[in-house]
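Architecture at a glance
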Amino acid sequence: MNYAKIKWYDVSNGPGVRVSLYVSGCRNRCKNCFNPETWDFSYGKSFTKKVENQIIEGLAPDYIKGFTLLGGDPFEPENAEVLAPFLERLREKYPDKSFWCYTGYDYERDLLTGKKGDMDTVLRILNCLDVLVDGRFVEEKKDLNLLFRGSSNQRIILVKPSLETDEVVLWDEKTVV
């Protein structure tokens, strides 16, 4: 797997100061995507154990509230296979930090039905996340006033309660994660 960039002090992709990993590779190719260079699976640098360890170290300070995964798309099967064990490692090391992920895929239709690769791998990732922002970016629904998303069709989902109740539970600004 390749990654496009790492933001060590990101304040745009989840609450608080976060470390954000932008993976390479996305088949959605949304019109006017914010990161079109990340569509290419070979773009950027190789995601190695050394990079994993740098991210783990980068999350150590108390002022870093969490980790955000975006791209590209983390749920592309080529990416998910590498990210599942990494996220499990991160979650074990930092059980109290929040983990957010952005995907252009739909939570119920694509992720929970097995349409996006190996279902076990998808669930391994979902079980590490606190929040999932799902849905393609839709230019016609772009709204600069939205918090942590680009278009009004995208949802901010609380993953654990959604998995437990088998119904989508949405995040709001009052929810601490």
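The preceding data block contains the structure.
Below: a short report on this structure. (Residues numbered from 1 in each chain as written. Predicted model: local features only at pLDDT ≥ 70, side-chain atom pairs only at ≥ 80, totals over all residues. Heavy atoms only, no water.)

1. Some thoughts on the state of the cysteines
All told, the structure shown has zero disulfides when counted by the stated rule. Lacking any disulfide linkage, cysteine 101 is separated from the closest cysteine sulfur, that of cysteine 128, by 11 Å. (Disulfide = S-S within 2.5 Å.)

2. Considerations on helix H2 (residues 77–93)
Owing to its 3.6 residues per turn, the α-helix aligns residues three or four sequence positions apart on the same side. If you check H2, its first and last C-alpha atoms are 24 Å apart, about what 17 residues at 1.5 Å a residue would give, namely 24 Å. On its buried side, H2 packs onto strand S2 (17–23), helix H1 (49–58), strand S4 (64–71), strand S5 (98–102), helix H4 (119–126) and helix H5 (159–165). (Helix = DSSP H or I, 4+ residues; strand = E, 2+ residues; numbered from the N terminus. Expected span 1.5 Å × (residues − 1). Contact = heavy atoms within 4.5 Å.)

3. Details of the packing of aromatic side chains
Aromatic ring pairs are described here by two measures, namely the spacing of the ring centres and the angle between the planes. Following the criterion strictly, the structure yields eight aromatic pairs and no others. When the ring of tyrosine 3 is compared with that of phenylalanine 47, the centres are 6.3 Å apart and the planes differ by 80°; the resulting orientation is edge-to-face. Residue tyrosine 3 is found in strand S1 (residues 2–10), and its partner phenylalanine 47 is found in the loop between strand S3 (45–46) and H1; the two are separated by 44 residues along the sequence. The interplanar angle of 75° and the centroid separation of 5.2 Å between the aromatic rings of tryptophan 100 and phenylalanine 148 together place this pair among those described as edge-to-face. A residue pair is termed long-range when its members are at least 10 positions apart, and tryptophan 100 in strand S5 and phenylalanine 148 in the loop between strand S6 (131–134) and strand S7 (155–158) qualify at 48 residues. Residue tryptophan 100 shares its accessibility class with phenylalanine 148, and that shared class is buried. An aromatic cluster of three or more residues is present, and its members are Tyr3, Phe47, Phe67, Phe86 and Phe99. Lying across the ring of tyrosine 22, lysine 5 places its NZ or CZ 4.8 Å from the centre. (Phe/Tyr/Trp six-rings, centres within 6.5 Å; stacked < 30°, edge-to-face > 60°. Buried < 20%, exposed > 50% of the residue type's maximum accessible area, 1.4 Å probe, protein only. Lys NZ or Arg CZ within 6 Å of the ring centre and 35° of its normal.)

4. Some points on the packing of H2 against H4
The contact between H2 and H4 brings their axes to 9 Å, and the two run at 35°. Once H2 is placed against H4, the crossing between them reads as left-handed. Taking contact as the criterion, the partners of Ala80, Glu81, Leu83, Ala84, Pro85, Leu87 and Glu88 in H2 are, on H4, Thr121, Arg124 and Ile125. Here the contact of H2 with H4 is built from residues that sort into six nonpolar, one polar and three charged. (Axes fitted to C-alpha atoms, helices over the stretch in contact; angles between N-to-C directions. Left-handed = near helix turned anticlockwise from the far one by under 90°. Nonpolar A, V, L, I, M, F, W, Y, C, P; charged D, E, K, R; others polar.)

5. Digging into the sheet that holds S7
Reading across the sheet, the seven strands line up as S3-S1-S2-S4-S5-S6-S7 and stay open at both edges, with mixed pairing between neighbours. Pairing within the sheet leaves two strands with one partner each, and these edge strands are S3 and S7. When S5 meets S6, the two strands line up parallel, connected through three bridges. Following the sheet pairing, tryptophan 100 is matched in S6 by valine 131. (Pairing = 2+ DSSP bridges.)

6. Topic: the pairing of S2
Looking along a regular strand, one sees side chains alternate from face to face of the sheet. With six of seven residues buried, S2 lies mostly within the body of the structure. Pairing geometry for S1 and S2, over five bridges, is antiparallel. Bridging from a neighbouring strand, aspartate 10 pairs with arginine 18 of S2. Counted between consecutive antiparallel strands, the loop separating S1 from S2 contains six residues, among which glycine 14 sits at a positive phi close to 130°. Of the strand pairs in this sheet, S2 and S4 are connected by seven bridges, and their pairing is parallel. Bridge pairing in S4 links valine 23 to glycine 71.

7. A short note on the pattern of salt bridges
Following the criterion strictly, the structure yields 12 salt bridges and no others. Residues arginine 124 and glutamate 88 are paired through a salt bridge, measuring 2.7 Å at the closest nitrogen-oxygen approach. Here arginine 124, found in helix H4, pairs with glutamate 88, found in helix H2; they are 36 residues apart in sequence, far enough to count as distant. The partner of arginine 109 in a salt bridge is aspartate 110, and the shortest N-O contact between them spans 3.8 Å. The exposure class assigned to aspartate 110 is buried, which follows from its relative accessible area of 12%. Put simply, Arg27, Glu76, Glu78 and Lys116 are held in one network by salt bridges that share partners. (Salt bridge = Lys/Arg side-chain N within 4 Å of Asp/Glu carboxyl O.)

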